Protein chains: 2
Amino acid sequence: MTAAADGSPEAPSSNGADALIDTLAASGLRAIFANPGTSEMHLVAALDRRPEMSPVLCLHETVTSGAADGYARMAERPAATLLHLGPGLGNAWANLHNARRGASPVLNLVGDHAEDHLRYDAPLTSDLPALAGSVSHYVKRTRSAQTAAADAALAYAEAARAPGQVATLILPADAAWNAAAGPASPQPVAPPAAVDGACVDRVAAAMRAAKAAGGSVGILLRGQGLRGAPLRDAAKIAAATGARLFCDTFAPRLERGVGAPAVERLPYFAEQITPVLEELTLLVLVQSSPPVSFFAYPGKPSWCLPEGCETAYLAHPHEDAAQALADLATALGASGPAPLAEAGALGGSPTGPLTADAIGAALAQNTPEGAIIVDEAATTGLGVYPSLAAAPRHDHLNLTGGAIGWGLPAALGASIAAPDRKVICLHGDGGAMYSVQALWSMAREQADVLTIIMANRAYAILQIELSRVQAVNPGPKAHSTLDLTRPALDFTALARGMGVEASRAETAEQFVDQLRSALARRGPRDGPDDAVFQQDASV
Amino acid sequence: MTAAADGSPEAPSSNGADALIDTLAASGLRAIFANPGTSEMHLVAALDRRPEMSPVLCLHETVTSGAADGYARMAERPAATLLHLGPGLGNAWANLHNARRGASPVLNLVGDHAEDHLRYDAPLTSDLPALAGSVSHYVKRTRSAQTAAADAALAYAEAARAPGQVATLILPADAAWNAAAGPASPQPVAPPAAVDGACVDRVAAAMRAAKAAGGSVGILLRGQGLRGAPLRDAAKIAAATGARLFCDTFAPRLERGVGAPAVERLPYFAEQITPVLEELTLLVLVQSSPPVSFFAYPGKPSWCLPEGCETAYLAHPHEDAAQALADLATALGASGPAPLAEAGALGGSPTGPLTADAIGAALAQNTPEGAIIVDEAATTGLGVYPSLAAAPRHDHLNLTGGAIGWGLPAALGASIAAPDRKVICLHGDGGAMYSVQALWSMAREQADVLTIIMANRAYAILQIELSRVQAVNPGPKAHSTLDLTRPALDFTALARGMGVEASRAETAEQFVDQLRSALARRGPRDGPDDAVFQQDASV
């Protein structure tokens, strides 16, 4: 008998599944978002070996991968999905794409047919390695029960590799059920690569030269640079040098609100980005890339930096941005305190029509300190965002890969990672319908999530895009593919169908009342929802 | 000005999207199941050019691909999906897997970034060709607006290639928006390959030899062989030779009920298949493969034919099974009439507990002639199926690839293909939650679908499998991943939230009443649902 981490007696690893689960527990894995099938039954049975490991059942795999992403962003360590062959991984693909784009560490454990069964081309057989390769940084197919544990240790370390990777381990059913010698040793996780002093000096020199030439410097932050000490070092540098701090429209995670340094968020459309950056002569990149438009448009450039603006990489995504920013602050003599946003006058409670401004003001006034805001509110969210600067300090999580249906699952995962923090999920109605099943897991896990569905009854961003792309004469069929009014979705009924309380607000006053009531309690709540805006005020 | 197929005036094709849509309309495409994004806006705008083409908006891409599959099975021609880059195709993957396994002709039109935008690695960039390749028989990435139409014509023909393929055409946004010369000519669709006389004679000789040796012959039918004249030819052969007719557990489409020839359905579990086949000395394969177990299990064989049983291929999936069966009937002198199932005594209306037998009896008594039964009822469905033999003649569609969440979308698609036929969708609760969004499209399209959710509050098949795979000591965590009771799903609320009427039955009497009421009307209805069975009779 060996002893589990908490000292309880533990059965020896008897098969590949047991050895794998023991190894992952020792590696540090705690959260598994699962929708298993027959080929994963031994892995499922092995979960009860580890009291520290919590499987969360999700009703569709897009919830598993979105939740793993949300968990990983908050816990800053890998979360796992447990998936059933090709279809399970296919269903998880879109939110794995978001995780990949957000540099979130996610480990996919994908069951497959037993090695000898593959040759029979049974109905669930597919080209699983090709599918996995299309969305993963790392893919391995375990060959036997004897290698499953060691492969799992390596896959976990690959997921954790800076800045965070999607690693997929394919597990034939017989590698789970056959006898194994026991767990493998956890693999060391490679630390972020150091940024050498010469690089820091080059960037410092470029910043000084730009300033001396009367130019304007920006620092585009991502990853580590957007929270904690690195963000404060960046703010010191900005204060000392006059450089402006920027983040992407869709930064994976940003510390924000009263008490955090202020960062300018780049707008969504290229023609809005260009004027923001037009004075820049140098852009310093911290785990980020030069800004480009989200989509291309006829006759418009994708590149958003002004002609002649230089770029200087302080830290690539896999490098140690924290150390690099500290070193840059030193090199530039930026020793003063980081300027932090102060509490301002919040104004009165909003009244009247339920606009994005009203929602933003209500959230700024009522959001508790330390909240996690998970934002997939699309068109409406861009209007709510500025108001949230006046809220108490919080984390703001964004949809990084453009695959909608991420917000609800990510809110679930964030809440599992940080059970003592209030999660507020801001979501568009179109995107919410992509993964509405996440509400059920929130109810089951009693996750402390308040979901606010911004129901404008349309894929509103596409109604904007349809005109922007200069499509000729769209007619009723074209418009019908962007419209969600026939029939109207009733999110309160959908939420109740999955065990989540819900209410509906149509005015700012109703919204404030329901928001306060919801925030005063723990537990998942889908509402105040059906916030109605602008053109759709007749609902 | 050219003229549309219905004689209405039509604008000339001005860009790649217009030329592509005109070409696909001329090729025969009618149904497009869509969830477009920015990169597909020109394709969307082009849809209004063609009155004969109907885009159906779906709230998640798993609905688009499942509906395309269901449509293609009933219409016997390709349906299209319209998808948004990698995430759209990823979301569609699982039901494309089912379509591929069912040999359904499906054409995916996947928008991508403009060619020049790809280099910037914008957030929605992914390895789209690799993803497409993992589930498609055919993949092409159009390079320009000048080739879009010709590529579409070829992709459509590839989808239609016998027995039906998944073809994916990736369309960079600039290939849609740039100027094009006009539509391309439709490509000829390759007919099924002929089965030559020598092959038919070989099979006939093998069947005679088996019979002469006192053996037993089976014919395993799939594809064309399971409906219409080929099925009747198979029944004549069976009557003349004593051969038994079989189909897979999960035949894509089977003509069934009173007035159709009877076919034995192979059971699901290998240990159930083996005794059914144990007397066979020869199995003739018609667009089918030798039966194997769905999953592998420790120490059990995957192959289900008895030792020494010969196999003989009459027609491979891409071959002309209709002609081959007609020729085989001739070669064997099977000239008598095909024996057809006759109407029997249906018994009284079921009463008491709502068992699978009761549901089956109620359906047999009340299903209208010509119904389409879409069956993803899993454990419960296997119990309902035998009773349906006594129903009037109908088509029975099955989940072919094991990727759950197919039934509701397929029912939508089948109804679009056959709007004058009643569609009855039998669905398990676990699978229904995978693509419950399909209910909204049913409501929007006023599809004549009655959905019956068999709510046993569990992934019941997995509860069976957990014991079958001999997993050691599954504990509470293991069992929790197979359980749907916390919280209980309320499908009537979910349906109403998407604009579909719903009701709930807990007894056979309630079920019969609600079934009759629902069948007496057109239109989508989700109910009688929450049928409660067996171990879960306390709900």
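Rules used throughout
- Residues numbered from 1 in each chain as written.
- Chains lettered and ligands numbered in written order.
- Predicted model: local features only at pLDDT ≥ 70, side-chain atom pairs only at ≥ 80, totals over all residues.
- Heavy atoms only, no water.
- Least-squares fit on C-alpha atoms with pLDDT ≥ 70 in both.
- Contact = heavy atoms within 4.5 Å.
- Axes fitted to C-alpha atoms, helices over the stretch in contact; angles between N-to-C directions.
- Helix = DSSP H or I, 4+ residues; strand = E, 2+ residues; numbered from the N terminus.
- Parallel < 35°, antiparallel > 145°, perpendicular 65-115°, else oblique.
- Left-handed = near helix turned anticlockwise from the far one by under 90°.
- Nonpolar A, V, L, I, M, F, W, Y, C, P; charged D, E, K, R; others polar.
- Pairing = 2+ DSSP bridges.
- Buried area = accessible area lost by both parts, 1.4 Å probe.
- Salt bridge = Lys/Arg side-chain N within 4 Å of Asp/Glu carboxyl O.
- Buried < 20%, exposed > 50% of the residue type's maximum accessible area, 1.4 Å probe, protein only.
- pLDDT = per-residue confidence, 0-100.
- Phe/Tyr/Trp six-rings, centres within 6.5 Å; stacked < 30°, edge-to-face > 60°.
- Lys NZ or Arg CZ within 6 Å of the ring centre and 35° of its normal.
- Lys, Arg positive; Asp, Glu negative; His and termini not counted.
- Polar contact = N/O pair within 3.5 Å; in protein donor to acceptor, adjacent residues only side chain to side chain.

(A) Quick peek at the relation of the copies chain A and chain B. In screw terms, the move from chain A to chain B is a rotation of 180° and a rise of 0.0 Å along the axis, fitting with an RMSD of 0.0 Å. On this basis, the relationship between the two copies can be described by a two-fold rotation axis. The overlap is high: 100% of the interface residues of chain A also sit at the interface in chain B, so the same surface is used on both sides.

(B) Looking closely at the packing of helix H14 (residues 407–417) of chain B against helix H16 (residues 438–445) of chain B. All names here are of chain B. Running from N to C, H14 and H16 cross one another at 20°; their axes reach a closest spacing of 8 Å. In terms of orientation, H14 and H16 fall into the roughly parallel class. Both H14 and H16 take part in a crossing whose hand is left-handed. Facing Leu408, Pro409, Ala411, Leu412 and Ile416 of H14, the residues of H16 in contact are Ala438, Leu439, Ser441, Met442 and Glu445. Class assignment for the residues of the contact of H14 with H16 results in eight nonpolar, one polar and one charged.

(C) Region of interest: the sheet that holds strand E14 (residues 310–315) of chain B. Residue and element names in this part refer to chain B. Strand order in the open sheet formed by five strands is E12-E10-E9-E13-E14, and the pairing between neighbours is parallel. Two strands in the sheet have a free side with no partner beyond their single neighbour: strand E12 (264–265) and E14. Pairing between strand E9 (residues 217–221) and strand E13 (residues 282–286): five bridges, direction parallel. Its bridge partner being in E13, isoleucine 219 is matched across the sheet by valine 284.

(D) View of the interface of chain A and chain B. Chain A puts 95 residues into the contact, and the matching count from chain B is 95 residues. Both sides together, the interface formed by chain A and chain B hides about 8,000 Å², and carbon and sulfur atoms give 64% of it. Across the chain A-chain B interface, the total number found is four salt bridges. The salt bridge involving arginine 101 of chain B is made with aspartate 121 of chain A; its shortest N-O contact spans 2.7 Å.

(E) Just the pattern of salt bridges, in detail. For the structure shown, the criterion picks out 52 salt bridges over all chains. Two residues, aspartate 22 of chain A and arginine 50 of chain A, come together in a salt bridge whose shortest N-O distance is 3.3 Å. One end of the pair, aspartate 22 of chain A, is in helix H1 (residues 16–27); the other, arginine 50 of chain A, is in the loop between helix H2 (41–46) and strand E4 (54–57), and 28 residues separate them in sequence. Look at aspartate 22 of chain A and you get buried, because its relative accessible area is 4%. In this structure arginine 50 of chain A comes out as buried when scored by relative accessible area, which is 7%. Its salt-bridge partner being arginine 49 of chain B, residue aspartate 22 of chain B comes within 2.7 Å of it at the nearest N-O pair. Of this pair, aspartate 22 of chain B sits in helix H1 (residues 16–27) while arginine 49 of chain B is found in the loop between helix H2 (41–46) and strand E4 (54–57), placing the two residues 27 residues apart along the sequence. Across this residue pair, the class does not change: aspartate 22 of chain B and arginine 49 of chain B are buried. Each of Asp18, Asp22, Arg49, Arg50 and Glu52 of chain A takes part in a single network of salt bridges with overlapping partners.

(F) Representation of the sheet that holds E4 of chain A. Residues and elements named next belong to chain A. With parallel pairing, six strands are arranged side by side in an open sheet as E4-E3-E5-E6-E8-E7. Pairing within the sheet leaves two strands with one partner each, and these edge strands are E4 and strand E7 (138–141). Each strand of the sheet is rotated relative to its neighbour by a mean of 20°, with strand direction disregarded. Two strands pair when backbone bridges link them, and E7 and strand E8 (residues 166–172) are joined in this way by four bridges, in the parallel orientation.

(G) Up close: helix H14 (residues 407–417) of chain A. Counted residue by residue, H14 of chain A has nine buried out of eleven residues, so it is predominantly covered. Residues Gly407, Leu408, Pro409, Ala410, Ala411, Leu412, Gly413, Ala414 and Ser415 of chain A constitute the buried set of H14 of chain A.

(H) View of the confidence of the model for chain A. Residues and elements named next belong to chain A. In this model, chain A carries an average pLDDT of 92, and 95% of its residues clear a pLDDT of 70 or more. Taken as a whole, residues 529–539 scores under 50 in pLDDT and shows 38 contacts with residues more than four places along the chain or in a different chain. Scored as a complex, the prediction yields pTM 0.96 and ipTM 0.95.

(I) Region of interest: the packing of helix H3 (residues 61–75) of chain B against H14 of chain B. Residues and elements named next belong to chain B. For the pair H3 and H14, the least separation of the axes is 6 Å and the interaxial angle reads 45°. As judged from the angle between their axes, H3 and H14 are oblique. H14 is crossed by H3, and the crossing has right-handed handedness. Contact residues: H3 offers Thr62, Val63, Gly66, Ala67, Gly70, Tyr71, Met74 and Ala75, while H14 offers Pro409, Ala410, Leu412, Gly413, Ala414, Ile416 and Ala417. Its residues assigned to classes, the contact of H3 with H14 shows eleven nonpolar, four polar and no charged.

(J) Focus on the packing of aromatic side chains. Within this structure, the stated rule accounts for 14 aromatic pairs over all chains. Between tyrosine 268 of chain A and phenylalanine 269 of chain A the ring centres are 4.8 Å apart and the planes differ by 70°, which places this aromatic pair in the edge-to-face class. With respect to class, tyrosine 268 of chain A is no different from phenylalanine 269 of chain A; both count as buried. Judged by centre distance (5.9 Å) and plane angle (75°), the ring pair of phenylalanine 250 of chain B and tyrosine 268 of chain B falls under edge-to-face. In this pair, phenylalanine 250 of chain B sits in the loop between strand E10 (244–247) and strand E11 (253–256) while tyrosine 268 of chain B sits in the loop between E12 and helix H10 (270–277), placing the two residues 18 residues apart along the sequence. Take tyrosine 268 of chain B: its relative accessible area is 11%, and that puts it in the buried class. Grouping aromatic residues by their ring pairs yields a cluster made of Phe250, Tyr268, Phe269, Phe294 and Phe295 of chain A. We note lysine 300 of chain A situated over the ring of tyrosine 297 of chain A; from NZ or CZ to the ring centre the distance is 5.7 Å.

(K) Main features of the environment of isoleucine 219 of chain A. All names here are of chain A. Residue position: isoleucine 219 is located in strand E9 (residues 217–221). Assessed through its relative accessible area of 1%, isoleucine 219 is described here as buried. In this structure the C-alpha to C-alpha distance between isoleucine 219 and leucine 314, which are 95 residues apart in sequence, comes to 9.4 Å.

(L) Fine view of the side chain of glutamate 61 of chain A. With respect to the element layout, glutamate 61 of chain A can be found in helix H3 (residues 61–75). As a buried residue without a salt bridge, glutamate 61 of chain A has its nearest oppositely charged side chain in arginine 444 of chain A, at a separation of 14 Å. Polar contacts involving the side chain of glutamate 61 of chain A include one to the side chain of asparagine 91 of chain A, which spans 3.0 Å. Residues within four places of glutamate 61 of chain A in sequence aside, it is in contact with Asn35, Leu83, Gly88, Asn91 and Ala92 of chain A together with Tyr434 of chain B.

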